[in-house]
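Listed below, chain by chain, are the residues.
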Amino acid sequence: MRIEIRHRCDDFASYRAARVKSLFNCETGANFALDAELPIERDDWQLGVVVGPSGSGKSSIGAAIWGPEAVYRPTGWPDDAPIVDAIGAGGAFDDATRALSAVGLGSVPAWLRPYAVLSTGERFRADLARIVCDAPRRVVIDEFSSVVDRQVARIGAGAFARAWRRGDPGQAPDRGPGQAVLLTCHYDVLDWLEPDWVFDTATGALRAGRCLWRRPKIRLAIHETDSRHWPLFEPHHYLKPNRMIAAFYYVGVVEGGLVAHVAVTTRPGLREARGARLVVMPEWQGAGIGLRFLNAVCERWRRGRNPYGRPMPTLFNTSHPGLAAALRRHPDWCQVSCNLHGQNKAKSRSSIAQSVLQSGRKDNASAGYGGHFRAAQGFRYMGEAAP
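Residues numbered from 1 in each chain as written. Predicted model: local features only at pLDDT ≥ 70, side-chain atom pairs only at ≥ 80, totals over all residues. Heavy atoms only, no water.

Peer 1: Provide a residue-level description of the side chain of Arg130, including the pertinent values.
Peer 2: Relative to the helices and strands, Arg130 is located in helix H6 (residues 120-134). Buried and without a salt bridge, Arg130 has Asp127 as its closest oppositely charged side chain, separated by 4.5 Å. Setting aside its immediate chain neighbours within four residues, Arg130 contacts Tyr72, Arg73, Pro74, Thr75, Gly76, Trp77 and Ile87. (Helix = DSSP H or I, 4+ residues; strand = E, 2+ residues; numbered from the N terminus. Buried < 20%, exposed > 50% of the residue type's maximum accessible area, 1.4 Å probe, protein only. Lys, Arg positive; Asp, Glu negative; His and termini not counted. Salt bridge = Lys/Arg side-chain N within 4 Å of Asp/Glu carboxyl O. Contact = heavy atoms within 4.5 Å.)

Below is the structure:
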């Protein structure tokens with residue numbers, strides 16, 4: 001498809017305009033012309049990128065591809081509802097949480113905030129989550145990654161590319177894959193996106209083929225430590241638990257920066273371990289670090305590379321729907337429990353009251369444990385031994 005951009009405005013003759021023309025030997029600023037040949041008429045692609053410096057015609061190309069109505073606008077976010085209600089409104093709960101996790105916005109507290117109070121990076125990912133969840137047939141995203149720092153931009157770009165290509169599980173088979181065109185002035189996201197084609201407005205060159213791009217590798221170093229680093233990760237955990245007793249702590253480090261955390265303790269008899277407190281820093285969410293980091297730690301324990309020198313499988317419980325889905329899909333994990341309701345608090349209260357009565361104490365026996373509605377799912381890491 002050939003796109004021809006022709007813009008014209010008034011050629012002003014004011015004193016300052018005339019002086020600029022004289023100083024810089026510029027005859028006029030009234031005309032802008034750009035021709036682009038884009039391979040958008042075919043159906044064998046999902047992700048295209050128009051890249052180039054500001055003012056080089058990217059937005060004009062985006063509006064001309066499928067019309068201005070195909071350009072995504074971050075409007076319609078309610079001020080009186082959290083983003084988890086606004087994304088995929090009227091659809092399934094799992095679709096919304098899956099989209100949020102897929103683009104790297106896995107911080108549960110952020111799901112409970114309105115769009116207006118999110119940080120710039122969180123808004124960027126919330127917009128991507130809404131696009132992934134809505135799964136439009138065609139969409140153009142302008143100023144892609146321009147408002148966030150480069151670390152969030154690169155990781156967010158890779159997360160969006162994977163989520164977009166994976167598509168909506170409920171999408172009708174006859175619709176085929178959706179097509180997205182991203183407009184950006186940053187070249188550093190191209191390797192992370194691995195686009196099907198790229199048009200550079202600075203040179204007019206078109207490069208087609210995913211084989212031209214390779215997502216950079218992330219080298220993660222794992223260190224066994226103590227609980228000193230937990231306060232750094234705690235604000236990003238979806239629960240507010242106490243520190244684990246007699247636990248061994250592990251952190252993941254990339255280029256000297258802390259990016260992941262998990263703690264491991266043992267169950268009675270030293271027959272198996274229990275992992276908890278898995279946290280990935282927000283700027284690294286969506287890069288696939290969390291599950292690989294957890295698997296590496298659990299594999300150490302399975303092979304006996306732990307302080308006890310005994311091989312142990314690891315149990316891991318989570319309420320996070322995205323993490324639970326990822327563990328359920330992974331061949332090295334087996335689901336062993338699924339508690340979708342709280343414990344019987346009345347039964348617990350009765351048991352405590354009976355114990356107080358038998359002991360002869362005069363304690364207040366009105367308390368009870370349980371009754372929460374946190375859906376916890378349990379998994380066991382078995383490595384290559386998993387069915």
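Peer 1: Run through the packing of aromatic side chains, naming residues and quoting values.
Peer 2: Scanning all chains against the criterion turns up ten aromatic pairs. Considering the side-chain rings of Phe160 and Trp164, the 5.9 Å spacing of their centres and the 25° angle between planes classify their relative orientation as stacked. Of the two residues, Phe160 and Trp164 both sit in helix H7 (residues 150-166), four residues apart, roughly one turn of that helix. The buried category is assigned to Phe160, whose relative accessible area is 0%. Residue classification places Trp164 among the buried residues on the basis of a relative accessible area of 6%. Among the aromatic residues, those joined into a cluster by ring pairs are Phe124, Phe144, Phe160 and Trp164. Sitting above the plane of the Tyr115 ring, Arg123 keeps its charged end 5.4 Å from the centroid. (Phe/Tyr/Trp six-rings, centres within 6.5 Å; stacked < 30°, edge-to-face > 60°. Lys NZ or Arg CZ within 6 Å of the ring centre and 35° of its normal.)

Peer 1: Residue-level account of the pattern of salt bridges, with values.
Peer 2: Where charged atoms of side chains with opposite charge meet at close range, the side chains can pair. Tallying each qualifying case throughout the model produces 13 salt bridges. The residue Arg150 makes a salt bridge to Asp188 at a minimum N-O spacing of 2.9 Å. With Arg150 in helix H7 and Asp188 in the loop between strand S5 (179-184) and helix H8 (190-193), the pair connects residues that are 38 residues apart, well separated along the chain. The exposure class of Asp188 is partly exposed, given its relative accessible area of 26%. Among the ionic pairs, Glu299 bridges to Arg302, the shortest N-O distance being 2.9 Å. Here Glu299 pairs with Arg302, and both are found in helix H10 (residues 289-302), just three residues apart, close to one helical turn. Residue Arg302 is classed as partly exposed on the basis of its relative accessible area, which comes to 23%. Where salt bridges share partners, they join Arg150, Arg154 and Asp188 into one cluster.

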